[in-house]
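# Remarks on the overall topology
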Amino acid sequence: MPENLETVLRYYGISPWEIEVLYGFLNSHFTIIQNEIEVNDEKFVSSLDIEIPLQFNEEFFQWFDFKRWEKIKSVFKEMKRRRGSGNALKIQINFLGNPKIIFAIDIEDKQWFDNALEKIDFVLELLPYHLDPQKIPSDVSELTYKFDPETIRWRLNTASSENKKYNFSGDSWKQVI
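Below: a short report on this structure. Keep in mind that what you see is a predicted model, and the values were worked out from it rather than measured. (Residues numbered from 1 in each chain as written. Predicted model: local features only at pLDDT ≥ 70, side-chain atom pairs only at ≥ 80, totals over all residues. Heavy atoms only, no water.)

### Focus on the pattern of salt bridges
Condition: We count a salt bridge whenever a side-chain nitrogen from Lys or Arg sits within 4 Å of a carboxyl oxygen from Asp or Glu. A run of H or I in DSSP becomes a helix once it reaches four residues, and a run of E becomes a strand once it reaches two; helices and strands are each numbered from the N terminus. Partly exposed residues are those whose accessible area sits between 20% and 50% of the maximum for their type, while under 20% is buried and over 50% is exposed, using a 1.4 Å probe and protein chains only.
Applying the stated criterion across every chain, the model contains 15 salt bridges. Across the pair R10 and E51 runs a salt bridge whose closest N-O atoms are separated by 2.7 Å. Residue R10 is found in strand β1 (residues 6-12), and its partner E51 is found in strand β3 (residues 46-52); the two are separated by 41 residues along the sequence. Look at R10 and you get partly exposed, because its relative accessible area is 24%. Judged by its relative accessible area of 18%, E51 is buried. Note that K110 is salt-bridged to D114, the shortest N-O span being 2.5 Å. Placement of both K110 and D114 in helix α4 (residues 110-119) is noted, with a separation of 4 residues, approximately one turn of the helix. K110 sits in the partly exposed class, given a relative accessible area of 27%. Residues joined in a network through salt bridges with shared partners are E70, K73, K77, E118 and D121.

Now the structure itself:
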């Protein structure tokens, strides 16, 4: 893997202790840029947006170490536990490959929140199918996944290209912009 990779943590409402723990797990593989921001979503007490400068794939998890990834997920679960239920915490994980893969976790219920974190890894198996050029709009540069508590799995939510945006509904993409 490349050297001097930078990961960016953008956040508000996250304690210094929580940032320090995440920093400890990320520091061995990345240079970390911390950016405490103003509240940008009034519905959430806390928000954490992480940019991982690599493709979301099996090689990332082998390089980063699966055990380290599990520890990061545990920190996220603890952050949710400490804040209770409701719209207390929103986490967005951005893998900056081509296309950029985003996981948006903004679930009120702690059990579903934890379940969503556990199932991020399962998307790896579906990714080749989701990225099939016959199935996604052309020139997509960004795909967003949201966890669906009703089906208990991650679902494609939006896709963006340079000047178009699409929503995934049912089993097809619909252009919205």
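### Brief notes about the nonpolar core
The criterion, for reference: The definition of a nonpolar core used throughout is a set of buried Ala, Val, Leu, Ile, Met, Phe, Trp, Tyr and Cys residues joined through side-chain atoms within 4.5 Å. Here a residue-residue contact requires only that any non-hydrogen atoms of the pair lie within 4.5 Å.
Formed by 47 residues in total, the largest nonpolar core has its most connected members in L48, F56, F76 and F103. With 5 residues, helix α3 (residues 66-83) is the largest single contributor of residues to this core. With residues up to four places along the chain from it excluded, the contact list for F103 reads F56, I91, Q92, I93, F95, I120, V123, Y145 and W154.

### Examining the packing of aromatic side chains
The line we're drawing: A pair of Phe, Tyr and Trp rings is counted when the ring centres sit within 6.5 Å of each other, with Trp represented by its six-membered ring. The angle between the planes then sorts it: under 30 degrees is stacked, over 60 is edge-to-face, the rest tilted. We call a charge positioned above a ring when the Lys NZ or Arg CZ atom is no farther than 6 Å from the ring centre and deviates by at most 35 degrees from the ring normal.
Evaluated as defined, the whole model comprises 17 aromatic pairs. Ring centres 5.0 Å apart and planes at 80° place the aromatic pair F60 and F61 in the edge-to-face group. F61 carries the same exposure label as F60, and that label is buried. Taking the centre distance of 4.9 Å and the plane angle of 65° together, the rings of F168 and W173 count as edge-to-face. Put simply, the rings of F30, F56, F60, F61, W63, F64, W69, F95, F103, Y145, F147 and W154 pair up and form one aromatic cluster. A cation sits over an aromatic face here: R68 above F64, 5.6 Å from the ring centre.

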